[in-house]
Amino acid sequence: MAFEFATAGRIIFGPGTSKELGTLLTQFGKRALVVRGSDSARTRPLLASIEAAKVDHFCFEVHDEPTVEQVAEGVSQARREESNLVIGIGGGSVIDSAKAIAGLVTNPGAILDYLEVIGKGKQLSVPGLPCVAIPTTSGTGAEVTRNSVLASPEHKVKVSLRSPYLLPCLAIVDPKLTLDLPPSVTASTGLDALTQVIEPYVSIRANPVTDGFCIEGMRRVGRSLQRAFEQGQDLQAREDMALASLFGGLSLANAGLGAVHGFAAPIGGMFHAPHGAVCAALLTRVMEVNLRAIRERLPDGEALRRYELVAVILTGTEKATAADGIHWISELCKALQIPGLRTYGISEVDIPELVEKAAKASSMKANPIVLTRDELTEALQAAL
Ligand SMILES: [Zn+2]
């Protein structure tokens, strides 16, 4: 056995912890670029805390999943304002933007030099500015991952900027910030969090550290996602989901993902569809195909036993079979009103191209078994 585990410099978790933001910042810098989403009401109390700590700040708004061009703009603004600190307050898109901007500000050359697939794929050569990440959704775990997913509309793909330098120096996870999320966002981001504790658990790169996080994350999603969807103000349920999202980030950054995220990458590049909603629509379909392939070609391997454990944890029933676990998730998806992928304009004609791109996606490499083109087609077709 051999593995590496790397994460954010410091993680602070708990209801109300974001109030300490201002005090915690001053050790990192005095001129901050604050990257945030369009919902300014959510960030106002945090900006007040930054002001109270006498940290100068300039805001940079990210409205949607970030593009290469937007991040380049953020880098220029941070350089112009001579920022020595970047703060990301928002969902996964905002935090990914903050991480990318912080990493690129100190590195010479153009953003494309550092991007895989569409650019030169160079490594960041020096550490970026300190980055503080404060998630306001419970889904991506981006506060503890070392990549930023950026869209290039021109190339119709999503690509990752990857570097250990992208790990934030501080992650503040305050479940209170998620209390007002609308049910549809709770549903899609929550199912992304569930996917991100299942895929690293059955991944070929799973390790004992990430296993612990995945098991605990599944347990918490199992008891709290539907509750958070139905009773948004339930702090206990929101706390479970914030932890599950964090655990997903800790796990995927160190054990990889699988076929659901293998599909999510090209779908996100070609269609305007929120990442969480795409993962939600694909999760059970991919699990069904994976399970059948494992039974046929890897019946004595570790993967089958892991799928059975997923079922036991989610259903809370000792005798649950792997199929019971998938059934449990599909019932949850129904209760959470998860639509099929057709909602986002995806149809049969897109399947061959998406399957080709998904087969080559980096997440696909960690899937517990290599799926054939026919199996990938079947899973995607079923998720439409
Ligand atoms: Zn995800």
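Quick note: structure is the one above.
Given the structure is predicted, the values throughout are model-derived calculations rather than measurements.

Conventions we followed
- Residues numbered from 1 in each chain as written.
- Predicted model: local features only at pLDDT ≥ 70, side-chain atom pairs only at ≥ 80, totals over all residues.
- Heavy atoms only, no water.
- Helix = DSSP H or I, 4+ residues; strand = E, 2+ residues; numbered from the N terminus.
- Rg over C-alpha atoms; globule rule 2.2 N^0.38 Å.
- Buried < 20%, exposed > 50% of the residue type's maximum accessible area, 1.4 Å probe, protein only.
- Contact = heavy atoms within 4.5 Å.
- Areas by Shrake-Rupley, 256 points an atom, 1.4 Å probe, with all protein chains shown as cover.
- Lys, Arg positive; Asp, Glu negative; His and termini not counted.
- Charge placed at Lys NZ, Arg CZ, Asp CG, Glu CD.
- Expected span 1.5 Å × (residues − 1).
- Phe/Tyr/Trp six-rings, centres within 6.5 Å; stacked < 30°, edge-to-face > 60°.
- Lys NZ or Arg CZ within 6 Å of the ring centre and 35° of its normal.
- Donors = N, O, S within 2.8 Å, 3.2 Å for Na, K, Ca; no water.
- Tetrahedral: all angles 85-135°; square planar, octahedral: opposite > 155°, others 65-115°.
- Polar contact = N/O pair within 3.5 Å; in protein donor to acceptor, adjacent residues only side chain to side chain.
- 1 Å grid on protein atoms, 1.4 Å probe; cavity = no way out; pocket = protein on both sides within 12 Å on 5 of 7 lines; lining within 4 Å.
- Points joined across faces, edges and corners; volume = space filled by probe spheres on them.
- Nonpolar A, V, L, I, M, F, W, Y, C, P; charged D, E, K, R; others polar.

Participant: Looking at this model, I keep getting lost on the overall build of the chain. Mind explaining?
Facilitator: For the chain, the count of helices and strands is 13 helices and eight strands. A globule of 384 residues ought to have a C-alpha radius of gyration of about 21 Å, and the chain, at 20 Å, matches this closely. Projecting the C-alpha coordinates of the chain onto the three principal axes gives extents of approximately 60 × 45 × 45 Å. With 384 residues in all, the chain has 59% of them scored as buried. Across the chain, every contact between residues at least 6 apart in sequence was considered, and the portion connecting residues at least 24 apart equals 78%. When the accessible area of the chain is evaluated, it comes to approximately 15400 Å², of which 53% is carbon and sulfur surface. In the chain, 37 positive and 42 negative side-chain charges are present, and the distance between their average locations comes to 3 Å.

Participant: Help me understand helix 8 (residues 259-270) in this model?
Facilitator: The end-to-end C-alpha distance of helix 8, which contains 12 residues, comes to 17 Å, matching closely the 16 Å that a straight helix rising 1.5 Å per residue would cover. Here helix 8 lies mainly inside the structure; 11 of its 12 residues are buried. Of all the residues in helix 8, the buried ones are Ala259, Val260, His261, Gly262, Phe263, Ala264, Pro266, Ile267, Gly268, Gly269 and Met270. Those residues of helix 8 that are buried lie in contact with strand 7 (157-162), helix 5 (183-202), helix 9 (275-297), helix 12 (351-360) and helix 13 (373-383).

Participant: Got a minute to help me understand the packing of aromatic side chains in this structure?
Facilitator: What describes a pair of aromatic rings is the distance from one ring centre to the other and the angle between the planes of the rings. Overall, the coordinates contain two aromatic pairs when judged by the stated rule. Ring centres 6.0 Å apart and planes at 20 degrees place the aromatic pair phenylalanine 5 and phenylalanine 213 in the stacked group. Of this pair, phenylalanine 5 sits in the segment before strand 1 (11-13) while phenylalanine 213 sits in helix 6 (residues 208-230), and the two are 208 residues apart along the sequence. Between the aromatic rings of phenylalanine 213 and phenylalanine 247, the centroid separation amounts to 5.1 Å while the plane-to-plane angle is 45 degrees, which identifies the pairing as tilted. With phenylalanine 213 in helix 6 and phenylalanine 247 in helix 7 (residues 235-255), the pair connects residues that are 34 residues apart, well separated along the chain. A residue is classified by how much of its surface remains accessible, and phenylalanine 247, at 11% relative accessible area, is buried. Cluster of aromatic residues (ring-pair linked, three or more members): Phe5, Phe213 and Phe247. Above the ring of tyrosine 201, the side-chain terminus of arginine 306 is found at 4.7 Å from the ring centroid.

Participant: Explain the coordination of the zinc ion to me, please; I cannot follow it from the model alone.
Facilitator: Tetrahedral metal sites with four donors have an ideal angle of 109.5 degrees; octahedral sites with six donors have ideal angles of 90 or 180 degrees. Donor atoms from the polypeptide that coordinate the zinc ion comprise Asp192 (OD), Gln196 (OE1), His261 (NE2) and His275 (NE2), at 2.0 to 2.1 Å from the metal. Each of the four donor atoms around the zinc ion contributes to a set of angles spanning 94 to 148 degrees, which defines the coordination as irregular. On the primary sequence, the residues serving as donors to the zinc ion are separated as D-x3-Q-x64-H-x13-H. In this pair, aspartate 192 is assigned in helix 5 and histidine 261 in helix 8, connecting sequence segments 69 residues apart. Owing to a relative accessible area of 7%, histidine 261 belongs among the buried residues under this scheme.

Participant: Just checking my understanding: could you explain the environment of serine 160 for this structure?
Facilitator: Along the chain, the position of serine 160 falls in strand 7. Between the C-alpha atoms of serine 160 and serine 362, which are 202 residues apart in sequence, the distance is 9.8 Å. For serine 160, the residues in contact, after removing those within four places along its chain, are Leu115, Glu116, Asn147, Ser148 and Val149. Here asparagine 147 takes part through its side chain, which lies 3.1 Å from a polar atom of the side chain of serine 160.

Participant: How should I be thinking about empty space enclosed by the protein in this particular structure?
Facilitator: Vacant regions in the atomic arrangement are exposed by a probe of water-molecule size rolled over the atoms. In the structure shown here, the tally under the stated rule is three cavities of 30 Å³ or more. In this structure, the largest cavity occupies an estimated 60 Å³ of space. Glu199, Val202, Asn290, Tyr307 and Asn367 are the residues nearest the centre of the largest cavity, which is lined by 14 residues in total. In terms of residue count, the dominant contributor to the lining of the largest cavity is helix 9 (four residues). Its residues assigned to classes, the lining of the largest cavity shows 10 nonpolar, three polar and one charged. Considering the residues around the second largest cavity, the lining is formed by Pro135, Thr137, Ser138, Glu143, Val173, Asp174, Pro175, Thr178, Ala242 and Ser245. Looking at the lining of the second largest cavity residue by residue, the class counts come to four nonpolar, four polar and two charged.

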